[in-house]
Amino acid sequence: MKVEDVFALLEKEVAPVSLSDEFCGKYKMYDNSGVIINCGNAVTGVLFTLDLTKKAVEKAKSLGFNVIATHHPAIYGGISKFDLTADPQSQALAECIKNGISVISMHLNFDAAPQGIDYFLCRGLGGDKAEIAAPLSNGGYGRVYRVAPTTFKDFIQKVKNEFATDRLIAYGEENKKVNKVASFCGAGCDDHNMNFAANGQADVFVSADMKHHEILALTQRGIAVIVLTHYASENYGFQKIYLKIKDGLKVQSAYFTDNALL
């Protein structure tokens, strides 16, 4: 098995990169998903992890694995230089190449897959059938949906428990009734998605990397807000994807979570 075979399986079992291309074209996004580093050797094992970091590379090396599959692109934009003295990303990429470790990144296609990262964020928050904010030919991004009736205080605790994190910021009255939730994995807050949440009568808006004026705009419309870490909002779903497909890989595999970022 070569890295191309692992890539083909991920496209088949989860979502092809063409879904990312559709997402970018339809909603003016940018992505760099696919095989980022191809060392051409036979696959000894695959480490799944949200980001390509020095920690992830060391974990792959310790396991004897020579493929890392990330969610966030290992190379996002153009690279003008490699600085191995100071830049951690350059160091991680160089360490992969030196050790014959190939890298696959599956970003927006895995966000928007029918059972992708955004879908699993919804499920983790207690949702099921949902209206999608940015629909695609298969799947989409951003959701609003009903949850079991609860209070905002109890909903916050549910989120902390399900996503294994205490690093969240919550805005809203503790006794506020929660019946509908809008959620967007990663940095998913903008004017369109805030209006989508309001029009969908969401009681709570859940995302990451939110700005003050966005939080202010939502709370002034009576919508409570939960700001997760970017890592927690996406690691949950990426790990669910791994657990679903790992038996079909036909090579050794493992999942690495950097708990310092949850």
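As the structure is a computational prediction, the values presented were derived from the model and not from experiment.

Conventions used here
Residues numbered from 1 in each chain as written. Predicted model: local features only at pLDDT ≥ 70, side-chain atom pairs only at ≥ 80, totals over all residues. Heavy atoms only, no water. Buried < 20%, exposed > 50% of the residue type's maximum accessible area, 1.4 Å probe, protein only. Helix = DSSP H or I, 4+ residues; strand = E, 2+ residues; numbered from the N terminus. Pairing = 2+ DSSP bridges. Right-handed = clockwise from strand over helix to strand, strands pointing away. Axes fitted to C-alpha atoms, helices over the stretch in contact; angles between N-to-C directions. Parallel < 35°, antiparallel > 145°, perpendicular 65-115°, else oblique. Left-handed = near helix turned anticlockwise from the far one by under 90°. Contact = heavy atoms within 4.5 Å. Phe/Tyr/Trp six-rings, centres within 6.5 Å; stacked < 30°, edge-to-face > 60°. Core = buried A, V, L, I, M, F, W, Y, C linked by side-chain atoms within 4.5 Å. 1 Å grid on protein atoms, 1.4 Å probe; cavity = no way out; pocket = protein on both sides within 12 Å on 5 of 7 lines; lining within 4 Å. Points joined across faces, edges and corners; volume = space filled by probe spheres on them. Nonpolar A, V, L, I, M, F, W, Y, C, P; charged D, E, K, R; others polar.

Asker: Could you clarify how one ought to interpret the pairing of strand 10 (residues 224–228) in this entry?
Answerer: Both faces of the sheet carry side chains from a regular strand, because those side chains alternate between them. Taking burial as the measure, the five residues of strand 10 include five buried ones, the bulk of the element. Of the two faces of strand 10, the one lined by Ala 224, Ile 226 and Leu 228 and the one lined by Val 225 and Val 227 are each fully buried. Here strand 7 (residues 168–171) pairs with strand 10 via four bridges, running antiparallel. By the bridge assignment for strand 10, Leu 168 is matched with Leu 228. The pairing of strand 9 (residues 204–208) with strand 10 spans five bridges and is parallel. In the sheet register, Ser 207 faces strand 10, and the bridge partner there is Val 227. Of the crossover connections in this fold, the one passing from strand 9 over helix 9 (residues 212–220) to the parallel strand 10 is right-handed.

Asker: In this structure, what is going on with the packing of helix 3 (residues 54–63) against helix 4 (residues 88–98)? I would like to understand it.
Answerer: Where helix 3 contacts helix 4, the two axes come as close as 9 Å, and the packing angle between them is 20°. When the axis of helix 3 is compared with that of helix 4, the two are roughly parallel. Considering the relative orientation of helix 3 and helix 4, their crossing is left-handed. Facing helix 3, whose interface residues are Lys 54, Val 57, Glu 58 and Lys 61, helix 4 presents Pro 88, Gln 91, Ala 92, Glu 95 and Cys 96.

Asker: Sorry if this is basic, but what is going on with the packing of aromatic side chains here?
Answerer: Between two aromatic rings, the relevant description is the distance of the centres plus the angle of the planes. A full pass over the atoms with the stated rule returns 13 aromatic pairs. Ring centres of Phe 48 and Phe 238 lie 6.2 Å apart, and the angle between their planes is 50°; on these two criteria the pair is classed as tilted. Residue Phe 48 is located in strand 2 (residues 46–49), and its partner Phe 238 is located in helix 10 (residues 230–245); the two are separated by 190 residues in the primary sequence. Using a relative accessible area of 1% as the deciding quantity, one classes Phe 48 as buried. Given the relative accessible area of 2%, Phe 238 is considered buried. Ring centres 5.1 Å apart and planes at 45° place the aromatic pair Phe 48 and Tyr 242 in the tilted group. Pair noted here: Phe 48 is in strand 2 and Tyr 242 is in helix 10, with a separation of 194 residues, a long-range link. Exposure class is identical for Phe 48 and Tyr 242. Each is buried.

Asker: When you look at the sheet that holds strand 2 in this model, what are you seeing that I'm missing?
Answerer: Consider a sheet: its strands pair through backbone hydrogen bonds, and that pairing is either parallel or antiparallel. Judged by pairing direction, the sheet is mixed, and its five strands sit side by side in the order 1-4-3-2-11 without closing on themselves. Edge positions in the sheet fall to strand 1 (34–37) and strand 11 (253–256), since each has one partner strand and no second. For this sheet, the mean angle separating the axes of adjacent strands, direction not counted, is 25°. In terms of strand pairing, strand 2 meets strand 11 through four bridges, oriented parallel. Bridging from a neighbouring strand, Thr 49 pairs with Phe 256 of strand 11. Running over the sheet, helix 3 touches strand 2, strand 3 (67–70) and strand 11 and is turned about 155° from strand 2.

Asker: How should I be thinking about the nonpolar core in this particular structure?
Answerer: Here is a general trend for soluble globular proteins: nonpolar side chains tend to be buried in one another's company. Within the largest apolar cluster, 75 residues are counted, with the highest numbers of intra-cluster contacts made by Leu 10, Phe 48, Phe 205 and Ile 226. The leading source of residues in this core is helix 10, at seven residues. Excluding its chain neighbours within four sequence positions, the residues that come into contact with Phe 48 are Leu 10, Ala 69, Phe 238, Tyr 242, Ile 245, Leu 249, Ala 254, Tyr 255 and Phe 256. With 17 residues, the next largest nonpolar core counts Ile 36, Ala 92, Ala 254 and Phe 256 among its residues.

Asker: Explanation requested: empty space enclosed by the protein in the structure shown.
Answerer: Sizing a probe to match a water molecule and rolling it over the atoms shows the empty space that remains. This structure, assessed with the given rule, holds one cavity of 30 Å³ or more. As a volume, the largest cavity reaches approximately 40 Å³. What lines the largest cavity is Thr 49, Asp 51, Thr 53, Tyr 231, Phe 256, Asp 258 and Leu 261. Counted by class, the lining of the largest cavity contains three nonpolar, two polar and two charged residues.

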